[in-house]
Amino acid sequence: MKKVFIDGEAGTTGLQIVDRLAALPGLVDVISIDPQKRKDDDARQAMMAEADVVVLCLPDDAARAAVSLADALGDDAPKIIDASTAHRTANGWVYGFPELTHGHAEKIAAARRVANVGCFATASIAIIRPLLEAGLLSPNHAFSINAVSGYTGGGKAMISTYGDGGGPAFQLYGLGLAHKHVPEVMMHTGLSRRPLFVPSVGNFAQGMLVSVPLDLSAIENPPQLEALDAAFQKHYGSEGSAVRFRFTPDADEIYETGRLPVDPAAGDDHMDIWLFANETHQHALFVARLDNLGKGAAGAAVQNLKLMLGS
């Protein structure tokens, strides 16, 4: 079996990856560093030399330093999946979102350096990219993105606050309007105009909803709803896609009630996308639902790992 070293195994994403790999017996041999040496660069580099693939579950600066340790191994350097933000727009790295466009999964499979997609970016790109690829909206369109995530996406401090029974029921954050996921959204959708992104967190552990509203009446030569549907069916219609797409005519409970809860996403490594529409007002709303620790983090890392291992 191929050996995998998770640098940062004790963190939230690292633990989730370990759990997922344990549920796939025979896929890989996860090798672990002595907890007393997890900050010892020589010990970490020795683990990297032993591994076929290293998964980095570290803060950005630590991830960059870890890549330098791996690069120093020369021809013995392992393949790397970086779950941080550090390399998502960097040259020489393949973006770890297999559904980005047709043929992208094959690029991940052949890569030695893969930057795992961010959780908010996963949904934002999944909604916006098909619209631009189909030519239905301009790269200069003024998109707004609204999102709510479980508190496990907010790092150790937020997890500690909410996990101890604290934290408000709901709060907006990132109100400096410079969220770290915006650059990767722009690069990997092809947007030329910066979208207005407003993230928030709720008092629940896992799951997220990301919504992108469209006022079709404000768009010159606006796309018809049928064209929006066709663009998404073309992009995600292949069997086995990690994105399950549903369109307005579906007569399921969500469309009947007009309510979309976040909780069914927890523990699921797939993503659902819905299109809600009001033809009278020429308004459309795309909503993606996923688990911020699943398809938005650990689940995506395992998906990329399987591609890189040819399994």
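Just so we're clear, the structure is a prediction, and the values are computed from it rather than from any experiment.

Caption draft 1: How the structure looks around the pairing of strand 7 (residues 144–150). The buried fraction of strand 7 amounts to 5 of the 7 residues, a majority that puts the element mostly inside the structure. Where strand 7 meets strand 9 (residues 196–202), 7 bridges bridge the pair, whose relative direction is parallel. Note on strand 9: the bridge partner recorded for glycine 150 is glycine 202. Pairing between strand 7 and strand 10 (residues 208–215): 4 bridges, direction antiparallel. Bridge pairing in strand 10 places asparagine 146 opposite serine 211.

Caption draft 2: Structural context of the nonpolar core. By size, the foremost hydrophobic cluster in this structure holds 43 residues, and its most contacted members are Leu131, Phe143, Ile273 and Phe286. Of all elements in the fold, only helix 5 (119–133), strand 7, helix 7 (182–189), strand 10, helix 8 (225–236), strand 12 (271–278) and strand 13 (283–290) reach the threshold of two or more residues within this core. A per-element tally of this core places helix 5 first, with 10 residues. Counting residues in each nonpolar core, the second largest holds 21 residues, with Leu56, Leu58, Leu69 and Ala70 among its members.

Caption draft 3: Seen up close, helix 2 (residues 41–50). Listed as buried for helix 2 are Ala43, Arg44, Met47 and Met48. The buried residues of helix 2 all sit within an arc of 145° when viewed along its axis, so they share a single face. The opening residue of helix 2, the one whose side-chain oxygen lies 3.0 Å from the backbone nitrogen of aspartate 42, is aspartate 40.

What counts, and where the lines are drawn
Residues numbered from 1 in each chain as written. Predicted model: local features only at pLDDT ≥ 70, side-chain atom pairs only at ≥ 80, totals over all residues. Heavy atoms only, no water. Buried < 20%, exposed > 50% of the residue type's maximum accessible area, 1.4 Å probe, protein only. Helix = DSSP H or I, 4+ residues; strand = E, 2+ residues; numbered from the N terminus. Pairing = 2+ DSSP bridges. Core = buried A, V, L, I, M, F, W, Y, C linked by side-chain atoms within 4.5 Å. Arc of directions from axis to C-beta. Polar contact = N/O pair within 3.5 Å; in protein donor to acceptor, adjacent residues only side chain to side chain.

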